[in-house]
Amino acid sequence: MDSENRKIERNLGTPQGGVISPVLANLFMHYAFDVWMVRTNLRAPFERYADDAIIHCKSEEEAQDILRKLNQRLKECKLELHPEKTKIVYCKDKDRVNEYPVTEFDFLGYTFRRIFIKDRLGRLQFNFLPSVSKKSGKSFRSKIKEMNIHKFTGCNIEIIAEMINPMIRGWLNYFTKYNPSAVKYSIDCVNRRLTKWAMCKYKRFRGHRKRAETWLKGLAKREPSMFPHWVLGMVP
């Protein structure tokens, strides 16, 4: 049904935005992909979320073989692999040191790639780990900017916190599970927006960013639980 209450007949697929569409898609993918993988590729574990999936292989030959069979399987189910997103990735780290054209991939908002990081014993070395993706970080920063916090000069800092904390808390809860230091660049955007709000609200800070930053740092020290990122030590 369109905006003018005209009924448009459909004979293929499920309605985009329909309540039952995700359920039907998951049911279809369960049999088209999940059950088929278990039946034909027992030694290749996998994860799937909606229509995104990762298959773990022990060699490039195995990956090529599964990719070929999967392509055929999906064609039989009237589906096709995404030509750009579908790729074989070499998980390069301290143990896997060979060269390969593709060594990173995105999945559920994370980028999985080789990172030079401390291990549990405090040693610096390369590990293949997930971090918040550039796309996810950019999307978060855009949403923060679109809120135009600096325009709410009639509000106090507590009301600003009530406005933005749910989004910040949810984003941090998801993206600090792995390599939490990677979120700092995006969280700095929040602190900059709060600084800009202070400059717009208080006359003594107008044109004086350093003064506004100093005031915000003092507030973060006195009230460290005011914002979720301050709790984690990501203060101005």
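Now for a quick tour of the structure. (Residues numbered from 1 in each chain as written. Predicted model: local features only at pLDDT ≥ 70, side-chain atom pairs only at ≥ 80, totals over all residues. Heavy atoms only, no water.)

Considerations on the pairing of strand β5 (residues 124-132)
Alright, step 1. In this sheet, β5 lies alongside strand β4 (residues 110-118) in antiparallel orientation, the contact comprising 9 bridges. Each residue of the ladder has a partner; that of Phe112, found in β5, is Pro130.
Alright, step 2. Linking β4 back to β5 in an antiparallel pair, the connection comprises 5 residues, with Gly122 at a positive phi of about 85°. (Pairing = 2+ DSSP bridges. Helix = DSSP H or I, 4+ residues; strand = E, 2+ residues; numbered from the N terminus.)

Quick look at the layout of surface pockets
Alright, step 1. There is about 240 Å³ of room inside the second largest pocket.
Alright, step 2. If you go around the second largest pocket, you meet 13 residues; those closest to its centre are Arg113, Val132, Ser133, Lys134 and Ala182.
Alright, step 3. Within the residue set of the lining of the second largest pocket, elements represented by two or more residues are β4, β5, α3 (134-146) and α5 (184-201).
Alright, step 4. When residues of the lining of the second largest pocket are assigned to their parent elements, the largest contribution, 3 residues, is made by α3.
Alright, step 5. Considering only residue class, the lining of the second largest pocket consists of 3 nonpolar, 5 polar and 5 charged. (1 Å grid on protein atoms, 1.4 Å probe; cavity = no way out; pocket = protein on both sides within 12 Å on 5 of 7 lines; lining within 4 Å. Points joined across faces, edges and corners; volume = space filled by probe spheres on them. Nonpolar A, V, L, I, M, F, W, Y, C, P; charged D, E, K, R; others polar.)

Overview of α3
Alright, step 1. If you check α3, its first and last C-alpha atoms are 18 Å apart, about what 13 residues at 1.5 Å a residue would give, namely 18 Å.
Alright, step 2. Along α3, the positions that sit buried rather than exposed are Ser136, Gly137, Phe140, Arg141 and Ile144. Projection of α3 onto a plane perpendicular to its axis shows the buried side chains occupying an angular sector of 130°, all on one side. Residues of α3 that are exposed and angled more than 90 degrees away from the buried face: Lys134, Lys135, Lys138 and Glu146.
Alright, step 3. Those residues of α3 hidden inside the fold are in contact with β5, α4 (157-175) and α5.
Alright, step 4. Two residues or fewer past α3, Asn148 is found with a positive phi of approximately 50°. (Expected span 1.5 Å × (residues − 1). Buried < 20%, exposed > 50% of the residue type's maximum accessible area, 1.4 Å probe, protein only. Arc of directions from axis to C-beta. Contact = heavy atoms within 4.5 Å.)

Digging into the sheet that holds strand β3 (residues 105-107)
Alright, step 1. Spatially, 3 strands are ordered β3-β4-β5 in an open sheet, and the strand pairing comes out antiparallel. In the strand order of this sheet, the two ends are held by β3 and β5, each with one partner. Averaged over neighbouring strand pairs, the angle between their axes works out to 50° when direction is ignored. (Axes fitted to C-alpha atoms, helices over the stretch in contact; angles between N-to-C directions.)

What about the pairing of β4?
Alright, step 1. In this structure, β3 lies alongside β4, joined through 3 bridges in antiparallel fashion. Among the inter-strand pairings, Phe107 is bridged to a residue of β4, identified as Tyr110.
Alright, step 2. Linking β3 back to β4 in an antiparallel pair, the connection comprises 2 residues, with Leu108 at a positive phi of about 55°.

The quantities given are spatial measurements derived from coordinates; they are silent on function.
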